[in-house]
Each structure stands twice: as structure tokens, then as C-alpha cells.
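Each chain, written out:
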Protein chains: 2
Amino acid sequence: MDAAVAKKPKLCRFFFPLEKQLMLFPILILLINQASKMNAEDGVMEELASEKEAEESHRQDSVNLLTFILLLTLTILTIWLFKHRRVRFLHETGLAMIYGLLVGVILRYGIPATSYHKKTPPSCSLEEGPVSTLLLNVSGKFFEYTLKGEINSREIHNVEQNDMLRKVTFDPEVFFNILLPPIIFHAGYSLKKRHFFRNLGSIITYAFLGTAISCFVIGNLMYGVVKLMQFIGQLTNKFYYTDCLFFGAIVSATDPVTVLAIFNELHADVDLYALLFGESVMNDAVAIVLSSSIVAYQPAGASTHTFDATAFFKSVGVFLGIFSGSFAMGAITGVVTALVTKFTKLHCFPLLETALFFLMSWSTFLLAEACGFTGVVAVLFCGITQAHYTYNNLSEESTKRTKQLFEVLHFLAENFIFSYMGLALFTFQNHVFSPIFIAGAFLAIFIGRASNIYPLSFLLNLGRRHKIRGNLQHMMMFAGLRGAMAFALAIRDTATYARQMTFTTTLLIVFFTVWVFGGGTTPMLSWLHIRVGVDPDQDLQQCGDNFLLFQGDGTMPEVSKTKQESAWLFRLWYTFDHNYLKPMLTHSGPPLTTTLPSCCGPLARCFTSPQAYENHEQLRDDDSALILDDDDTAITAKGASSGGADAGGWGVNGKRSSSTTEEALEREMDQEFLSRSTRLVFPIEDHA
Amino acid sequence: MDAAVAKKPKLCRFFFPLEKQLMLFPILILLINQASKMNAEDGVMEELASEKEAEESHRQDSVNLLTFILLLTLTILTIWLFKHRRVRFLHETGLAMIYGLLVGVILRYGIPATSYHKKTPPSCSLEEGPVSTLLLNVSGKFFEYTLKGEINSREIHNVEQNDMLRKVTFDPEVFFNILLPPIIFHAGYSLKKRHFFRNLGSIITYAFLGTAISCFVIGNLMYGVVKLMQFIGQLTNKFYYTDCLFFGAIVSATDPVTVLAIFNELHADVDLYALLFGESVMNDAVAIVLSSSIVAYQPAGASTHTFDATAFFKSVGVFLGIFSGSFAMGAITGVVTALVTKFTKLHCFPLLETALFFLMSWSTFLLAEACGFTGVVAVLFCGITQAHYTYNNLSEESTKRTKQLFEVLHFLAENFIFSYMGLALFTFQNHVFSPIFIAGAFLAIFIGRASNIYPLSFLLNLGRRHKIRGNLQHMMMFAGLRGAMAFALAIRDTATYARQMTFTTTLLIVFFTVWVFGGGTTPMLSWLHIRVGVDPDQDLQQCGDNFLLFQGDGTMPEVSKTKQESAWLFRLWYTFDHNYLKPMLTHSGPPLTTTLPSCCGPLARCFTSPQAYENHEQLRDDDSALILDDDDTAITAKGASSGGADAGGWGVNGKRSSSTTEEALEREMDQEFLSRSTRLVFPIEDHA
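What counts and how
- Residues numbered from 1 in each chain as written.
- Chains lettered and ligands numbered in written order.
- Predicted model: local features only at pLDDT ≥ 70, side-chain atom pairs only at ≥ 80, totals over all residues.
- Heavy atoms only, no water.
- Helix = DSSP H or I, 4+ residues; strand = E, 2+ residues; numbered from the N terminus.
- Buried < 20%, exposed > 50% of the residue type's maximum accessible area, 1.4 Å probe, protein only.
- Contact = heavy atoms within 4.5 Å.
- Areas by Shrake-Rupley, 256 points an atom, 1.4 Å probe, with all protein chains shown as cover.
- Axes fitted to C-alpha atoms, helices over the stretch in contact; angles between N-to-C directions.
- Parallel < 35°, antiparallel > 145°, perpendicular 65-115°, else oblique.
- Left-handed = near helix turned anticlockwise from the far one by under 90°.
- Nonpolar A, V, L, I, M, F, W, Y, C, P; charged D, E, K, R; others polar.
- Expected span 1.5 Å × (residues − 1).
- Salt bridge = Lys/Arg side-chain N within 4 Å of Asp/Glu carboxyl O.
- Phe/Tyr/Trp six-rings, centres within 6.5 Å; stacked < 30°, edge-to-face > 60°.
- Lys NZ or Arg CZ within 6 Å of the ring centre and 35° of its normal.
- Patch = residues over 30% accessible without salt bridge, like charges linked within 9 Å, V, L, I, M, F, W, Y side chains within 5 Å.
- Core = buried A, V, L, I, M, F, W, Y, C linked by side-chain atoms within 4.5 Å.
- pLDDT = per-residue confidence, 0-100.
- Disulfide = S-S within 2.5 Å.

Draft legend 1. A look at the overall build of chain A. When its secondary structure is counted, chain A shows 30 helices and four strands. Split into buried and exposed, the 688 residues of chain A put 61% on the buried side. Sequence-distant contacts in chain A: of pairs separated by 6 or more residues, those separated by 24 or more amount to 81%. Working note: accessible area of chain A is about 26,000 Å², and carbon and sulfur atoms make up 64% of it.

What follows is the structure in C-alpha cells.
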């Protein structure tokens, strides 16, 4: 019985809707013979009644779904009003939660408990355990039933009173399998590549190491809290160490959607944006895999919950396996899509192209799930691959269409989740509010986030050319909002008391962080003196600029010294990507025939598109700016210093070394100068 | 027991996925106590086993869905190849069916029957009939089961052998509630308004009267066939008159998607296009409502299946009620969306606008279902309303986005249905192939279509200014393809023998008509001498043109005489729409302050947008051309006669009467002249 902890999530996997239709499981046929024979007339009456009931509940379901749609509509209209009036203290997600909350209160207290069915439960005997499909034999007619999941024995007694409340409860797996994928894919697909790749090292450090640190810090602190609660008699139910770690994993997934929206609007520091966005995207993936690894942690001897080295390393193995497998799945389908769009002339038919893109991206999810990996993680890496390669092969029409399609899906899914969260606070049946646990959790996430950001920033700054300054670190600390991912992970399993407490606490954390931290972003930005009103395209200049402004001239030599080492990983990747992957997967140059060794001649000719020969000289590549950036720091800095501290002015008389890649970029750079010169850089606004 | 005919569909309503999550129905708690107590260790093992099983089938489901996605991907790639090489004999839907068929054959014959569960069915006794939710008590743990539907007693014995085949079987309600709505909405949203409204009278006649005629002709003919089969002993199961009528209703829904795609590509006669498209869109709605009315036909005394006047009129009432209710729902949400988009400045945020549009359109479906009407029909009229009003209020960005969004959804849904159809021919478990019935059905649909088109065309030609000529009638007869709607209606209920036979026959009809009639469209067009290569914008000219070319000068006076009467319905609608509805719901028009009586002053001022005053003179309105068209027939004809039989040349020296609405259009017309002059009219191609 002890090993039953954390078993629920997999049983739940049965029940997500799109695949639900396919689920005609291997059947254990349960023949329930009617003890008393009904005559035919009774049967007809019975059937009519059950049909009426079915129709009634179908109607009720439509009403419920309609409620959510009206909630979203209301959110959209209010958000329009807010945007119209430039109100920034409340993001659409925060608003969606408030509306959800209001409807939840109405459903909970406003509507009298109605239950139109109060039949006495009949009983009969059965020798078998839970099966996926059940057949019910009623007077020769067979009815098929599918397993929905285990329900709590407490719930059974509540069922009749809380009809309405149970009705608005979605299957938890909907969030994970229907609503999260478009959100995560969109995040991957819209990563600002240039800034993302430039900060790749730091992002990976925060996302992997940082999330792990945060998870263990929070987990251990919460275990202390749990022990304390057990000591003072506040907690009598079981709450294992793995439950604490699980809680640590799910609240380590940050989702600063509110903060990022404001950054975007105010054009805040692009590197900070890249760090925060990149970290939040990647740590979602890490948190998912981490939480499944913790669930997979199964010490030898089902009844012990002590530390077991074998099980621990097995968990680490599970983590690495799931993560790399999901990554591979995402990358593979991305690459296949890129190849298909490259070698067909599909771009003449944007509709076909968009449909193909959509289907291939969705197939990533299914492929990963079919292979036992995590679909959501695969979808993330698929999105990044699609953005990096396939996007360049699409027709202009399709690039717009795909972006807009996923933008709409993302918007709807995200706001749906947040309004459901609001609703769930009042309609969820098994909340366990424990003040001590909640207070402990708030403290723990604060400490967890701090032990992620500050030590890692210190370590990163040792190697980074553009230091992550103190105010940026504080902002990253502040932007540790929790959102959709934490909720989806928490609601996935609410079978045990520990998990119910976890769910309730997570929900409160999401509310608090989204409203308080989200709403406080603008004041915080100005309090921390973080530059806003920066043109994203001016990042090359900014970096040198910031550096000059805040670090002073004294650190100049250090920068020149470390720039080579700090970028070696990126340089390696960039060269490989630019010389081999991009020419193979897209139409951009240089031709593979020139980069691959001559023994691969036929292969190279086969994969090189005719355009590659033409594109070779006029390479238009986002990443190329990074190489340029690395080599030109001195120039940029010099230019900036000639322009002084004025953010708007910088010299265009930079001298450049004449390496091959840079020559190709010179033209592009000049164009950028021209386009930049027309843009204004806003002064820092005072948001007091 | 007799009344059990046609009961299944409503029970099926339980099971469509998006709302499935909400379905925690009022519960009849069924406590099944385990007779033999298991110890805790056994429980854990059992749980582990059932979990493993769950995971295994989740994986299997992903594989199955993946199969469909790969099928669609393959279809897209092949279609691209076909379009690239200008192959026209096979449309994407036909191709999707072929691929589906191939996969169906592989699943059926290529994969050895695997069934990894062969447990002996335990039995126990129960006093109650089918309930929507079942609770299973296994050693203190409760498991929740939802009713999936009645299954045939024959199926139970097949279950273990046909695991794989059952797995790829979707819930029938998916088609009706998930896949059809985007298809139908897109049809409504993309109706070519000008040609649609000009032929409104004819379209309504064909769609309502024609579909009813077709339904009854086919129903009666099939009843004869059934009687014959019973007479010669080929049919021993029950097959009622209502089953025949039901069959008539579902195969009366035409879906000439293949034909219309070719028309679009070849720029065939626009009026023919409008008639066919309009008819097919509207008769889908009619067929749905007709079939539910037939199901609702319930003679007094459940065991008699004779004609009952009361029940008949009740059915007619049901038809009218559902139809007008659904129409009203669709129109209302369309109008609300139009008002919202008019009075907010949402068009500054295309994402919000698109999301709102999507949500409002979806809410139509739910609203109609919640009120007991038919969602699909409501969605159609919502689409038409959105296209007519809301579309004009959207930002340019959003008009593109919404069109493209629904285009992609429509494309995916349609091809999914067709590939599923191919698959279903081999994987569906309960096919009833009856050669006599099938042969009879093919004859019946031919006669049914003929008795729809020819008599109604004759009647319509009495009143129509632009006659529907013989060759157009033949083409309409030929274009009577059956598609997604017929399939979705047929698969909705396959509980009885009669319905299984209906389903099999419908499937074969769809296959035959899509492949043979669809493939034969291009030869048929040239064989019937139907003009192709017509610029859709040149319709004004064409009509006069066609008329001169084919009818001769002798009928001229008749045209001038009938034009007033024939258009009175349209004129009435146009005036009302132009003067009141458009100004109220969009930014166009004469200001309401000038059209409404002075007593409504405040209301008028409230609803009139500032732009209306400006737009008054520069009205840009699709329909306006129709009024012009009506009044200018003589001029157009004169112009055309001066240009002779040459399709490209027509006089621009037309004299116009100076009515108020026309003055406003003069400028627009001149612009059209200019734009037209640059376009070429292609000669009729020879597709031999």
C-alpha cells in the first residue's frame, strides 16, 4: 500500500480527450447480469429516461464550456480596455484569474446545490481489480464503460451535494496534453534567436543547475516544515520526502509571462529579456522531467521511504534518458520538416505548407509520447528547431500564418489555464489549506530562487564578458513567477493528501506571484534602474554601451581577454551550424560542396540547393551578428565611448578585422545602421 | 423494444472529447464489493500491472493518432505533387480516401491479430440499468467509469480478436462535434456573397424543397427495395420506413468539394459555382435537421411503425423549430460579434480580435447545443453573418488571420474525415454489405437528385431572369457528390442492423461519387460546353453576355419584364440590410439618423459610427452591385452586344438611370472597369 504514492498520474494518462476516442482498450469483460428481469416496456421507459438524462447533461456540458468561453471573451475585452488605457499593473493572465475567481465564487456560493439524481447504490460482488474497460450487461444490451480514474473515498459522499462544482472540473490531463503543448511550442518557436543563443551558456546554467538547486533547496526546506508540522501535531497524514521534492520540482518552473509582456512593451534590456525568457522556457522542460524522475524514484522495498543510492542513480538515469530522448525527438521532427519544406516546392501553396508544419509539429508530441518520452519537452525543442531551420524555408505567407496560428492557440490556451486556476480555487473539491505549510512554502520558494540566481550569477560572471549586474540579478529574482506549468504539474495528481496540499499551495503561490510580482514589475524596473525603451535591434551597441556605462573603463582589458574563451562553445556550435546544418536544412549558404570533405561529394551536391550558391555571398543570418559582436567588442565600445553616455549616439567609424564571415556581413551591418538611424531611443520613464 | 430504433445517437452524445472533461454526471453509485479479499502486496502488484497496462495503451493511442497524422502528411505531399503537375482528376479528398484505404487494408490483413489480454469475464448481479457514471470499489479504492455507449452483442465476441481494429475507431460524435463545425463555419464564412445573394432564391429552393424531395424520393424507393429484399428472403432483420427516410435524408446532403475545387481553379461559370456551393452548404443544414426530425418521428404506440398524422406534423414542427432556432442562434452571436467589434477599438490588437472572433464563433455552437438546437446549423449561419457584417469591422490583419485560421482548420478536418472514411471501409467492425440494397441505393440517389434538379430548375426558370440552362442543370445533376456530412450523419448511429447497412451503403456512395464524379468533372465541363476561364469579378458582364450568347435576342423583352418581380425578395432584403442592418452593425452605410424615423433619434445616434457619415457617399458594398445589375441589364446587354460574342470585349458606354443608390456606385463601377481592363479572359480549354 505504501508504494501507492505517486501512482495516480499514470492512471490519469488514460483520459485525455483527443486520444480518448482511440481508447478501446483490451477488455476485461465484466458481465453484470440483472438479478431481476424487467419486461420490455420497462426497458423502453428506462431507456427513454436515460436518454433524457444524457441529453440533459450534454446540454449542461455545453453551458459549462460556454461559461469558460464567456470568461475568456470578457478577459479579452477588459484587456483591450487596459491596453487601450495603458494600464500595466495587471496582465491578461492575472485578469483571467480574477474573472475565474469571481465565477468560482458564484458557482460555489451563489447556486443552490442541485442534484437531480438520488438513487440508492446497488451492490454486487466482483473478483477483479480496476480494469480499463468495463462491460455492463443490462437485459441483453451491453454498455461499455471506460475507467476515468481513482476517486477519493471522501469524494463519493460529496458527489451528490456538489454536482455543479464537479461538472466544471476538467480532467487534469487536458492541461498537460492539450493546453500546454501549444503554449510551449509557441515559446520555442518565438525564442529571440540572437539573444537566446548569445546567452545560451547562462540560460542552460540557470535552467538546469539552477532548477535542480531550487528543487532540492525547496524540497529540503519543506521537509523541515513537514517534520515541524508533524511534531506539533498539525499533520497526521503521510507526507514523504519524495512529496517534498516533488513540490520543489513543480514550483521551480518559473513562468514570468507577465514580466516579459511588460519588458516587451517597454523595450527593456534585451539580455535580461533573453535570460529570463530562455530560463523560463528551459526550466519548464527541466521541471517536468525532474518531477517524473522523482516519481520514478522508488527505493527497494516498497514500504521504506529512506534514501537509496541505487534508486537515486536510477532517477538520475531516468532524468537524463527522458530529457535527451525528448530532445532528440523534437530535433528529429524539426529536421525532417526542414528537409521536406526544403526539397518540395510547397511554398507555392501556403495552406498546404502551414498544414504540414502544424501536423509535423504535433506529431512530435505524439512520437515522444509513443516512445515513452515527454511530449511537452519534445515540442519545445521541436519549436526551437523549426524556428531555426524550417522557418527559413517557408514562404513569407506561411511564416506569418504559422506564427499567427500558434500565437492564437497559445493565447487561448494560456488564458484558459489562468481563468481555470481562478475557478479552481473555489470549485476544486479537495483543497487542503495548511497555513504553516503555505507560509513555509512562500519562504522556501524565496530562498530557493535566491540560491538559484545569486550563486549562479556569481559563477557565471566569472566567465561572462557582459556581466550580469546586481540590478539584473535582483530583477531575475523578482521575476520568479509561477504559472501554467506549475499548475498543470500540480493538478495532474491530487489523489493523496500530500498532493492535495501541494496543489492548494501551488495555486496560492501562482496567484500571489502573478498578482504581486507581476503587478510590481514596472515600479521594480524603475526602482532597480533597469534601462527601458531599448530598441531590440540595437543590442550590439547596447552591450558595449551598458558595459561602458556601468562597469567603467577599468574592466576593458579583462573583456578583451575573456571574450575568446567565453564564446568557445558558442563558436563551435555556430561554425558547425553555419557550415553544415544550415546549408543542409535550408537554402542558405555556403554550399556543402565547399564545406564538406571531397569524399562526401555526391551527398553534398544532393543536399545543396541551387540557391545556396547564390546565397553564399549575401548570407542573411541572424546568428552571424553574434560572431561579429564577439570580434567587434572593442570597436563597439570605442564607438560608444565616442558617443559618450548618450544611449542614442554611437560611432559608425568602427574598424573591423577582415575575416571571411565578417566581410559577408558588412553590407548587412550597413543596412542596419541605416534602419537604426531612423529609430528613437526612449529615455527611461518614471513609473512612480 | 420496437421503439429502440434510432435511440443510439443520443446516448452517443455523451462522448465527444472537448466536453468530455466536464462530464462528471450525476452518479448512480455502484458499489461492487470484492468477494475475496486481497492482501496489500497483491494490491500493489495489481496496481503496478494496471498502471503498466495504462501506459502501454497510452503509447498505443499515440501511435494510432500518429498514423492519421502521417496519413495527412502524405496526402499533403502528394497533393502538392499533383498541383505542381496540374493533375486534376484526383482531388485531395479522394487521395486522402485512397491512403486511408491502404492503411485500412494493412491494419486489417497485414497485422496479425494481437490481444494481450485474455481474462475470463467475472460476473455479478445488478438491479439497475445503464447509468452514465459507475463507481467500482476495489478493496477500499474507488474507480470511476464513464459510459462509452452501448455495444453490439456481436461485437463483444469480436473484441479480443480485433483489438487493433477497434483501437483506430474514433467515437462517432467526434465527427459531428469536433470536425464538422470548422468545415461548416468555413463554408459559411467563405460564401461568395455577391453571387450567393443574387441566387438566394434558387439556392433556397434547391436546398429546402430539393433536399426534401430528394429525401422522400430516395426514402420511398429504398422502402421498395427493402420490401423486395424481404420478399425474396434477403433481409430478415427489421428495416422500418423511418430507416429508409433517414437514409434518404443523410444521402441528400451533397458535398461537391472536388467539383468546386476544379471550378475554382478553372474559373468556371460563377453562377453555377454559386448555385452549387450555396446549395451544398444549405442542404447540409437541411439534411441534419431533416434527419433529426425523422428520428423524432415517433408514432403513438411504440410498437407500430405505420404512418401517423399527428407524429408527422410533430416532426414537421420539430424541423421548423430546430431550423429556425439554430438559425436564430447563429445570427444572434454573429450580430453580437459585429456589435462588439464595431464599438471597441479592438482592431488595434489583431491577436485579441482574432481570439474574440474565434471564441464567439465557437460559442454559437455551444449555445445552440445548450438550447437543444443543432450546433452545426447554427455555426453555418453564424459564419454567414460574420462574413456579412463582422468581417467589415475587423482590421485588415484580422480579416486575413481569421480567414487563414479557419482555412487551416477546415483543411485539416476535411482531409481527416476523408482519410478516416478510407480507413473505415476496412476497419469498421459491423459492415453489412447487401448488393441489392447498394444497387438500389445508387439508382435511388440518381433518381432523387434528378427529381430535385430538373423539375425545380424548370420552375425556377419560369421566374428567373438568367435562366439555368440545360447544360448547367446537367452539371448540377453530375455534381451531386456525397461527402463528409453524409458520413458523419451515417456513422453517428450504427447500433441497429438497418443503420449498419445504411452506413456501409453511404460509405460506398461517398467513395463512388468522389472518385468517379469528382474525377470526371473536367471532361464533363468541356463535354457540356460550360464556360471556364471566367474572371469572377466580371460576373456583371457575364450574365448579360451569357444571356446574349445562349438565349438569343428573342427573349430580351421577357427579361426586362420579369426582372422587377424576380428580384423583389432580394430588393426588400437589400434595402433593409443596406439602410438599417449594415449601418447598425458596421461602419458603412447611410447614417441611421437619416434612415430611421425621427422618433428613434437617440438610438440612431448611438448606433451610428462617426465613419458612417463619411462613408455615406463612398459606399463600398459588395451587394450594391446587384441592385445595379438589376437595373442595368439592358445596358450591360447593349454593351455586350456591341462587343459581340467575344467574351473579352464589352462596351463601357452604358447609360445609367440616376437612382440614389446607383449614384453612389458609379465611382466604384468605374474603378472596376479600370481593374478589369487589365485582366485577360482565357479561352475555353479543351480537356479531351
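Back to the write-up after that little detour.
Draft legend 2. The packing of helix H9 (residues 200–231) of chain A against helix H17 (residues 435–463) of chain A, seen in detail. All names here are of chain A. Their axes nearest at 8 Å, the elements H9 and H17 cross at an angle of 150°. Between H9 and H17, the angle falls in the class roughly antiparallel. At the point where H9 passes H17, the crossing takes the right-handed sense. Across the contact of H9 with H17, the residue classes tally to 19 nonpolar, ten polar and no charged.

Draft legend 3. Structural view of helix H4 (residues 92–110) of chain B. Under the 1.5 Å per step criterion, the end-to-end length of H4(B) is 25 Å for 19 residues, consistent within 8% with the ideal 27 Å. Along H4(B), the residues classified as buried are Glu92(B), Thr93(B), Gly94(B), Leu95(B), Ala96(B), Met97(B), Tyr99(B), Gly100(B), Leu101(B), Val103(B), Gly104(B) and Leu107(B).

Draft legend 4. Geometry of the pattern of salt bridges. For the structure shown, the criterion picks out twelve salt bridges over all chains. The shortest N-O distance in the salt bridge between Arg401(B) and Glu407(A) comes to 3.1 Å. Taken together, the residues Arg401(B) in helix H16 (residues 396–427) and Glu407(A) in helix H16 (residues 396–427) connect one chain to another. Accessibility expressed as a relative area gives 23% for Glu407(A), which makes it partly exposed. Put simply, Arg449(B) and Glu279(B) hold a salt bridge, and the shortest N to O gap is 3.0 Å. Within this pair, whereas Arg449(B) is found in helix H17 (residues 435–463), its partner Glu279(B) is found in helix H12 (residues 270–296), the two being separated by 170 residues in sequence. Using a relative accessible area of 3% as the deciding quantity, one classes Arg449(B) as buried.

Draft legend 5. Fine view of the packing of helix H7 (residues 172–189) of chain A against helix H19 (residues 484–491) of chain A. All names here are of chain A. Following both chains from N to C, one finds H7 and H19 inclined at 155°, their axes separated by 9 Å at the closest point. If you check the angle between H7 and H19, you find them roughly antiparallel. Crossing hand, H7 versus H19: left-handed. Residues Pro172, Phe175, Phe176, Leu180 and Ile184 of H7 pack against Ala484, Met485, Phe487, Ala488, Leu489 and Ile491 of H19. The residue makeup of the contact of H7 with H19, split by class, is eleven nonpolar, no polar and no charged.

Draft legend 6. Focus on the packing of aromatic side chains. Applying the stated criterion across every chain, the model contains 64 aromatic pairs over all chains. Where Phe175(A) meets Phe487(A), the ring centres are 5.2 Å apart and the plane angle is 85°; that geometry is what we call edge-to-face. Placement of the pair is Phe175(A) in helix H7 and Phe487(A) in helix H19, with a sequence separation of 312 residues. The exposure classification of Phe175(A) matches that of Phe487(A), with both residues buried. Centroid distance Phe576(B) to Tyr580(B): 5.7 Å. Interplanar angle 45°. Geometry classified as tilted. Residue Phe576(B) and its partner Tyr580(B) are both found in helix H24 (residues 568–585); the two are separated by four residues, about one turn of the helix. A relative accessible area of 42% means that Phe576(B) is categorised as partly exposed. The rings of Phe68(A), Phe175(A), Phe416(A), Tyr420(A), Phe428(A), Phe487(A) and Phe503(A) are connected pair by pair, giving a single aromatic cluster. Sitting over the face of the ring of Tyr189(A), Lys403(A) holds its NZ or CZ atom 5.9 Å from the ring centroid. Across from the ring centre of Phe176(B), 3.7 Å away, lies the NZ or CZ of Arg492(B), which sits over that ring.

Draft legend 7. Spotlight on unusual backbone geometry. Residue and element names in this part refer to chain A. Positive phi, normally seen in glycine, also occurs at histidine 267, with a value near 50°. Mapped onto the secondary structure, histidine 267 falls in the loop between helix H11 (257–266) and helix H12 (270–296). Judged by its relative accessible area of 29%, histidine 267 is partly exposed.

Draft legend 8. Helix H19 (residues 484–491) of chain B, seen in detail. Residues and elements named next belong to chain B. Burial runs high along H19: eight of the eight residues are buried. Of the residues making up H19, those classed as buried are Ala484, Met485, Ala486, Phe487, Ala488, Leu489, Ala490 and Ile491. The elements touched by buried residues of H19 are helix H7 (172–189), helix H10 (241–250), H12, helix H15 (375–393), H16 and helix H20 (497–519).

Draft legend 9. Inspection of a nonpolar patch on the surface at higher detail. Side chains of Leu221(A), Leu443(A), Phe446(A) and Ile447(A) sit close together on the surface and give an oily, nonpolar patch of about 360 Å² of accessible area. With three residues, the top contributor of residues to the nonpolar patch is H17(A).

Draft legend 10. Quick peek at the nonpolar core. One finds Phe175(A), Tyr420(A), Met475(A), Phe175(B), Tyr420(B) and Met475(B) to be the most contacted residues of the largest nonpolar core, which totals 296 residues. Dropping the residues within four chain positions of it, Met475(A) is found in contact with Val259(A), Phe263(A), Leu272(A), Thr521(A), Met524(A), Leu525(A), Leu528(A) and Ile530(A).

Draft legend 11. A look at the environment of Phe319(A). Residue and element names in this part refer to chain A. You can see phenylalanine 319 is positioned in helix H13 (residues 309–343). Note on phenylalanine 319: relative accessible area 13%, which makes it buried. Each C-alpha atom of the pair phenylalanine 319 and isoleucine 288 lies 9.6 Å from the other, and the pair is 31 residues apart in sequence.

Draft legend 12. Representation of the side chain of Ser434(A) in the model. For Ser434(A), the position within the fold is in the loop between H16 and H17. The contact partners of Ser434(A), leaving out residues within four places of it in the chain, are Met229(A) and Met501(A).

Draft legend 13. Structural context of the environment of Tyr206(A). Residue and element names in this part refer to chain A. Note on placement: tyrosine 206 falls in helix H9. The class of tyrosine 206 is buried, set by a relative accessible area of 0%. Sequence separation of tyrosine 206 and leucine 456 is 250 residues, and the distance between their C-alpha atoms is 7.0 Å. Residue contacts for tyrosine 206: discarding those within four places in its chain leaves Thr211, Leu275, Glu279, Asn452, Ile453, Leu456, Ser457, Leu460, Ile468 and Met476.

Draft legend 14. Quick peek at the confidence of the model for chain A. Residues and elements named next belong to chain A. Confidence along chain A averages 72 in pLDDT terms, with 66% of residues attaining 70 or more. Within the model, the stretch residues 115–125 combines pLDDT values under 50 with 34 contacts to residues more than four positions away or in other chains. Confidence drops under a pLDDT of 50 for residues 539–566, and excluding neighbours within four residues, the segment shows 54 contacts in the predicted structure. Of the two predicted TM-score estimates for the complex, the pTM is 0.77 and the ipTM is 0.76.

Draft legend 15. Inspection of the side chain of Thr344(B) at higher detail. Take Thr344(B): it is sitting in the loop between helix H13 (309–343) and helix H14 (350–370). With a relative accessible area of 12%, Thr344(B) lands in the buried category. Each residue touching Thr344(B), except ones within four places of it in the same chain, is listed here: Leu77(A) and Trp80(A).

Draft legend 16. The arrangement of the state of the cysteines in detail. Summed over all chains, the structure comprises zero disulfides over all chains. Free cysteine Cys382(B): the closest other cysteine sulfur is in Cys371(B), separated by 14 Å.

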